[in-house]
Amino acid sequence: MKTLMVVCGSGVATSTVVTGKIKNWLADEGFDGQVKMLQSKISDEVNHIDDYDAVVSTTLVPDNVKDKVINGVPLLTGMNTQAVYDQITEKLELK
Amino acid sequence: MYFDKDVILFDQSMTDQTTALTTLADALQKAGVVKPSFKEGILSREKQFPTGLLAPSMGVAIPHTDAVHVIKPQIGFLQLREPVHFNQMGDNADVSAKLIFMLALNDPDLQLAMLQRLMGLFQNDDLMKKLTTISTTADFKDIMKQAEID
């Protein structure tokens, strides 16, 4: 089972939306049995990025972890959402 | 339920982001739905983690902060006469926000559907344009009803 952490600034609002979108997408693609979804705030996770197979953020992340984190904002605005899903697929090696 | 305290402000002239955020946070506090600590939470969070969004038709902002500052879930709305500068969440891109939805939320599970519909509303160019021109609470609530947010 892969772990996918979704973070935002508060752990309440936008990470909830993004978690919901990703869950629906995982179910549509038949990946839902392969991924455990987690949700938190960035300040609690910034030192634990490597504990997860992938991290999606809707907020700014510090430069030192930037390359390891997928920007989830397109899932909020609805623009270019496929790029986010492609990055998740690649990071989690879903097939 | 999210608009029952009528924190709905139209045609507001705001010199900057801080003024706009303070105005809405004060109005929510006056309505009794957030604690006095909410405003500071909103202001510091916005600096650290901006909440602007470039929706297809215009810039918007969804300022919010930790659940601990919230007494009762509510959304404050502010329609700006002139756009105010925000940064986009995630990438810090410049956002000229014409509409602000200040979210006072405390239960992610209950609020998921509402937040998804709010994001859906941002992608509805027709309703978004209407939100910039309306001037009555009744019209606002009518649009929110169409967006299934209430």
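Residues numbered from 1 in each chain as written. Chains lettered and ligands numbered in written order. Predicted model: local features only at pLDDT ≥ 70, side-chain atom pairs only at ≥ 80, totals over all residues.

- In the annotation of an unreviewed UniProt entry, the entry for chain B reads PTS sugar transporter subunit IIA, and the organism field reads Furfurilactobacillus milii.

- If you look chain A up in an unreviewed UniProt entry, it shows as PTS EIIB type-2 domain-containing protein from Furfurilactobacillus rossiae DSM 15814.

## So, the UniProt feature "domain: PTS EIIA type-2" (unreviewed entry) in chain B
Move 1: When the UniProt feature table is mapped to this numbering, "domain: PTS EIIA type-2" (unreviewed entry) covers residues 1-147 of chain B.
Move 2: With 41% helix and 24% strand, residues 1-147 of chain B has end C-alpha atoms that lie 14 Å from one another. (UniProt positions renumbered as here; feature names shortened; annotations may be inferred. Helix = DSSP H or I, 4+ residues; strand = E, 2+ residues; numbered from the N terminus.)

## Here we look at the packing of helix 1 (residues 17-30) of chain B against helix 2 (residues 37-48) of chain B
Residue and element names in this part refer to chain B.
Move 1: Close contact between helix 1 and helix 2 brings their axes to 9 Å; oriented N to C, the two are set at 150 degrees. Between helix 1 and helix 2, the angle falls in the class roughly antiparallel. Crossing of helix 1 against helix 2: the hand is right-handed. Of the residues in helix 2, those touching helix 1 at Thr-18, Leu-21, Thr-22, Ala-25, Asp-26, Leu-28 and Gln-29 are Phe-38, Lys-39, Ile-42, Leu-43 and Glu-46. (Axes fitted to C-alpha atoms, helices over the stretch in contact; angles between N-to-C directions. Parallel < 35°, antiparallel > 145°, perpendicular 65-115°, else oblique. Left-handed = near helix turned anticlockwise from the far one by under 90°. Contact = placed C-beta atoms within 7 Å.)

## Considerations on the pairing of strand 2 (residues 35-41) of chain A
Residue and element names in this part refer to chain A.
Move 1: Relative to strand 2, strand 1 (residues 2-8) runs parallel, the two being bridged by seven bridges. Following the sheet pairing, Thr-3 is matched in strand 2 by Lys-36.
Move 2: A crossover connection joins strand 1 to the parallel strand 2 through helix 1 (residues 14-29); in handedness this β-α-β unit is right-handed. (Pairing = 2+ DSSP bridges. Right-handed = clockwise from strand over helix to strand, strands pointing away.)

## Section: the pairing of strand 4 (residues 74-87) of chain B
Residues and elements named next belong to chain B.
Move 1: Bridge analysis of strand 1 (residues 8-12) against strand 4 gives three bridges, and the strand direction is parallel. Following the sheet pairing, Gln-12 is matched in strand 4 by Leu-80.
Move 2: Adjacent in sequence and paired antiparallel, strand 4 and strand 5 (residues 94-104) are bridged by six residues, among which Gly-90 carries a positive phi angle near 90 degrees.

## Let's talk about the interface of chain A and chain B
Move 1: Between chain A and chain B, the residue contacts involve 19 residues of the former and 26 residues of the latter.
Move 2: Looking at the side of chain A that touches chain B, the elements that each hand over two or more residues are helix 1 and helix 3 (73-77) of chain A.
Move 3: If one sorts the elements of the side of chain A that touches chain B by residue count, helix 1 of chain A sits on top with four residues.
Move 4: Class assignment of the residues belonging to the side of chain A that touches chain B gives a composition of seven nonpolar, twelve polar and no charged. (Nonpolar A, V, L, I, M, F, W, Y, C, P; charged D, E, K, R; others polar.)

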